[in-house]
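Residue-level listing of the chains:
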Amino acid sequence: MEKTLIKEKPTPIETTPQISGSEAIMRCLIEENAKLIYGYPGGAIMPIYDELYKFQNQIQHVLTRHEQGAIHAAQGFSRVTNEVGIVFATSGPGATNLVTGIADAQIDSTPLVCVTGQVPSHLLGSDAFQETDIISISTPVTKWNYQITKASEIPEIFAKAFYIARSGRPGPVLIDVTKDAQFGLLDFEYKKCHAVRSYKPVSKPIAHQLENAAALINQSQKPLVVFGQGVILGNAEEELTALIEKTGIPSAWTILGLSALPTNHPLNVGMVGMHGNYSPNMLTNQCDALIAIGMRFDDRVTGSLNTYAKQAKIIHFEIDPAEVNKNVAVDVAVMGNVKHTLKEILPLLNANQHTDWLQEFKKLDQIEFEKVIKNDLKPIGEGLSMGEVIYQINQETDGDAVIVTDVGQHQMIACRYAKFSKSRSNVTSGGLGTMGFALPAALGAKMGVPNREVIAIIGDGGFQMTIQELGTIFQTQAAVKIVVLNNNFLGMVRQWQQLFFDKRYSSTELVNPDFVTIAKGYYIPAKKVTQRSELAAAVREMLTTKGPYFLEVVVEKEDNVFPMIPSGASVSDIRLS
C-alpha cells in the first residue's frame, strides 16, 4: 500500500498591511516631527481631514477663518521657531487663496509645506467642480511643487518636499494630491530625504574667496556691514557678533535682518533703506568697503543702483548664487551658509576699532534725533504719534517681546523704534509687503513661542483685510496682544499722495467700524485710547491681561514717516522732512 505524501503548508510571508494615501500623508508629517497644521477643509481634501481626526492626539490642527489666514499663521510660526510651517487647503478657491501667502513666503525665504486637495485624476483638465491648475498657478512663487496622482508616490514626494523647503535658502513647497491618490492604498515606508540629484542647496566657500574678502576688509578704513535675514535663517547671530566685535565695523540691518543683533549693541547703527536711519543710508555712499551678509540688495535698500556705493569695494556673503551680481556688481562673493563662512573668515581678519569712522555715524544720528526721532517718540502736539506707542511698548517689554507688524507706516515706525534683545523677534512681510499679514502671523508666532509675549502692530487698513482671524484667536485662546494704530487712512499711500501728488488723497481715507465692539464680539477684551494720558496704563493693562487683548490707539491722521528716500532716488538723497 502506497504512503500518501502529506505536503506541509508553506510558512506565510508576513506582509505589512497597506494603508490609504491619506493615512500615509499623516504618517509622513509625523516622521518629519510636525506638531501643528493650519488649514481649512473642503471636499477635495476631506479624506486627509478624516485621517487627521484619527491623529489629533499627535498633530494639532488650527482651523483658521480663511486660507490666507492659515498660510500667514504658518509663516509666523516658522519665522519664530525655525521649523517648517504646514498648511492644508482644498482644491479650487481653497488652493488659490494660498497664493498670496506662498508668494510672500517665497520672497522672504520662509520654509513651508502646503498640501492641497485636488479633484480625482480622471477629471483633471475637465473643468470639474472646484478644479484649478494650482501647479501652474503656483510654479512662479514656489521653491518646488508637485502633483501626486498615485498613493505610492506620497512617501518619496513628502520627504523631498520637506528637504527642499528647509535646505539651502528656505522657501515654500506645494504638494497637490488628487482625491483618488488620497483614497488609494500603498505599502508605507518612509525614508527622509538628504539629497536631490542636480539640487545643490549650499555651495562650499573657496579658499581664495575668503582670502580676498578678508584682504579687502583688513585694508578698509571706512567699512560698513549690512546684514539681512540670512544671518537669522543660518543661525549665524553669534558668528556675526564675533566678526563685528573683532573688527569694530559699524553694522546696519535690512528690515528682515532686524533682531539678529541686539538693538542696543554699540556697533548697531540702525536700519538701511527707504525709511531707514539717516547715518547708515548717508554713509553707504562714503564707506570704502561694503560687507553684505545674508541680504539681497533689494531696491528698497539700494535706491538708485546708478549711485549705490559706487566708491566701495563690495563683499557679498550669500547662500543663493542667483542673488550674486543680480542687482549690484560685487568685487568678492563668498558663497555658503553665513554661519560657516563667517566662522571661516574670522581668523583671517585683523582686530580693529574704527573709532573715528563710528563717530561719523554718531554725528548723523544726532541730526536725525533732533529733526525726527525726538518728535516721533515724545511729540509736543495734542495728537498721539505712532512712535510714542512703540516707545511705550518698549518701556513695558524691555525688548523681550516678539513684534509682528503688518505693512504700511506703522510697520516702518515699529521697525525703526522697537527694541529687541533676542533674535527671531521681528516678524514682518518684507519683500511682498502683504497687508493683512500681521494678525494671523501673530497667531502663528504665539503658538510657536507660547512663553514669549507676542504683540501685533497693525494699521487700520491691513487689520480689516484679515479681521476674521479674531475668530481663530478667540477659538484657540492664543494670548496675542493686538495693537491697531488707527489714523483712518491708508497711511503710507496717503503719505506718498501728500509728498508727491499735491495732497490729492485719492481713495485712501477710511471710514472705519467700531473696532472695540468687533473685538468684544469675539469675546476678546478691548480698549480704545484717544488721549496721551491714557496710553501708558492701557499698554500695561494689555500686557498684564491673560489671554488675547485688543488695543486701538487713535493717532494723528497726517503723521508721516521720516527719514524717507524718494522712490528711485539715491540713498544720499534721504529726506528728514
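Residues numbered from 1 in each chain as written. Predicted model: local features only at pLDDT ≥ 70, side-chain atom pairs only at ≥ 80, totals over all residues. Heavy atoms only, no water.

## Examining the pairing of strand 18 (residues 481-486)
Turning to step 1, where the next piece is worked out: Most of strand 18 is tucked away: six of the six residues are buried.
Turning to step 2, where the next piece is worked out: Along strand 18, one buried face is formed by Lys481, Val483 and Leu485 and the opposite face, lined by Ile482, Val484 and Asn486, is buried too.
Turning to step 3, where the next piece is worked out: Summarising the sheet, strand 17 (residues 454-459) and strand 18 pair through five bridges and their orientation is parallel. Its bridge partner being in strand 18, Gly459 is matched across the sheet by Leu485.
Turning to step 4, where the next piece is worked out: Note that strand 18 and strand 20 (residues 549-554) share six bridges and pair parallel. Note on strand 20: the bridge partner recorded for Val484 is Glu552. (Buried < 20%, exposed > 50% of the residue type's maximum accessible area, 1.4 Å probe, protein only. Helix = DSSP H or I, 4+ residues; strand = E, 2+ residues; numbered from the N terminus. Pairing = 2+ DSSP bridges.)

## Some points on the packing of aromatic side chains
Pairs of aromatic rings are described using the distance from one ring centre to the other and the angle between the two planes.
Turning to step 1, where the next piece is worked out: Applying the stated criterion to the full structure yields 11 aromatic pairs.
Turning to step 2, where the next piece is worked out: Seen in terms of ring centroids, Phe489 and Tyr505 are 5.5 Å apart; in terms of plane orientation they differ by 75°. Their pairing is edge-to-face. Highlighted residues: Phe489 in the loop between strand 18 and helix 21 (491-500) and Tyr505 in the loop between helix 21 and helix 22 (515-521), separated in sequence by 16 residues.
Turning to step 3, where the next piece is worked out: Assessed through its relative accessible area of 5%, Phe489 is described here as buried.
Turning to step 4, where the next piece is worked out: Above the plane of the ring of Phe489 lies Arg494, whose end atom (NZ or CZ) is 5.7 Å from the centre. (Phe/Tyr/Trp six-rings, centres within 6.5 Å; stacked < 30°, edge-to-face > 60°. Lys NZ or Arg CZ within 6 Å of the ring centre and 35° of its normal.)

## Concerning the side chain of Asn281
Turning to step 1, where the next piece is worked out: Tracing the sequence through the fold places Asn281 in helix 12 (residues 278-284).
Turning to step 2, where the next piece is worked out: When neighbours within four sequence positions are excluded, Asn281 is seen to be in contact with Met271, Val272, Gly273, Gly276, Ile565, Val571 and Ile574. (Contact = heavy atoms within 4.5 Å.)

## Overview of the sheet that holds strand 10 (residues 251-253)
Turning to step 1, where the next piece is worked out: Taken in spatial order, the six strands make up an open sheet running 11-10-9-12-13-14, and their pairing is parallel. The two strands at the open ends of the sheet, each matched to only one other strand, are strand 11 (268-271) and strand 14 (332-335). In this sheet, adjacent strand axes meet at a mean angle of 20° when their direction is disregarded.
Turning to step 2, where the next piece is worked out: Alignment of strand 10 against strand 11, held across three bridges, turns out to be parallel. If you follow Trp253 over to strand 11, its bridge partner there is Met271.
Turning to step 3, where the next piece is worked out: Sheet contacts for helix 9 (residues 207-219): strand 12 (289-293), strand 13 (313-318) and strand 14; angle to strand 14, the most-contacted strand, approximately 130°. (Axes fitted to C-alpha atoms, helices over the stretch in contact; angles between N-to-C directions.)

## Some remarks on the pairing of strand 5 (residues 112-118)
Turning to step 1, where the next piece is worked out: Counting buried positions over the seven residues of strand 5 gives seven, a clear majority of the element.
Turning to step 2, where the next piece is worked out: Neither face of strand 5 is open: one carries Leu112, Cys114, Thr116 and Gln118, the other Val113, Val115 and Gly117, and all of them are buried.
Turning to step 3, where the next piece is worked out: Inspection of the sheet shows strand 4 (residues 85-89) paired to strand 5 by five bridges, in the parallel sense. When the bridges of strand 5 are listed, Ala89 appears paired with Thr116.
Turning to step 4, where the next piece is worked out: Sheet analysis places strand 5 next to strand 7 (residues 172-178), joined by seven bridges and oriented parallel. Looking at strand 7, one finds that Val115 is bridged to Ile175.

## Concerning unusual backbone geometry
A negative phi angle is the norm for most residues apart from glycine, just as the trans form is the norm for most peptide bonds.
Turning to step 1, where the next piece is worked out: Going from Phe562 to Pro563, the amide bond is cis rather than trans, its omega being 0°.
Turning to step 2, where the next piece is worked out: Summarising the element assignment, Pro563 is placed in the segment after strand 20.
Turning to step 3, where the next piece is worked out: For Asn82, which is not glycine, the phi dihedral falls at a positive 65°.
Turning to step 4, where the next piece is worked out: Residue class for Asn82 comes out partly exposed when judged on its relative accessible area of 36%.
Turning to step 5, where the next piece is worked out: Positive phi is not limited to glycine here, since Phe297 has a value of about 55°.
Turning to step 6, where the next piece is worked out: One can find Phe297 in the loop between strand 12 and helix 13 (299-302).
Turning to step 7, where the next piece is worked out: Overall, the relative accessible area of 2% leaves Phe297 in the buried class.

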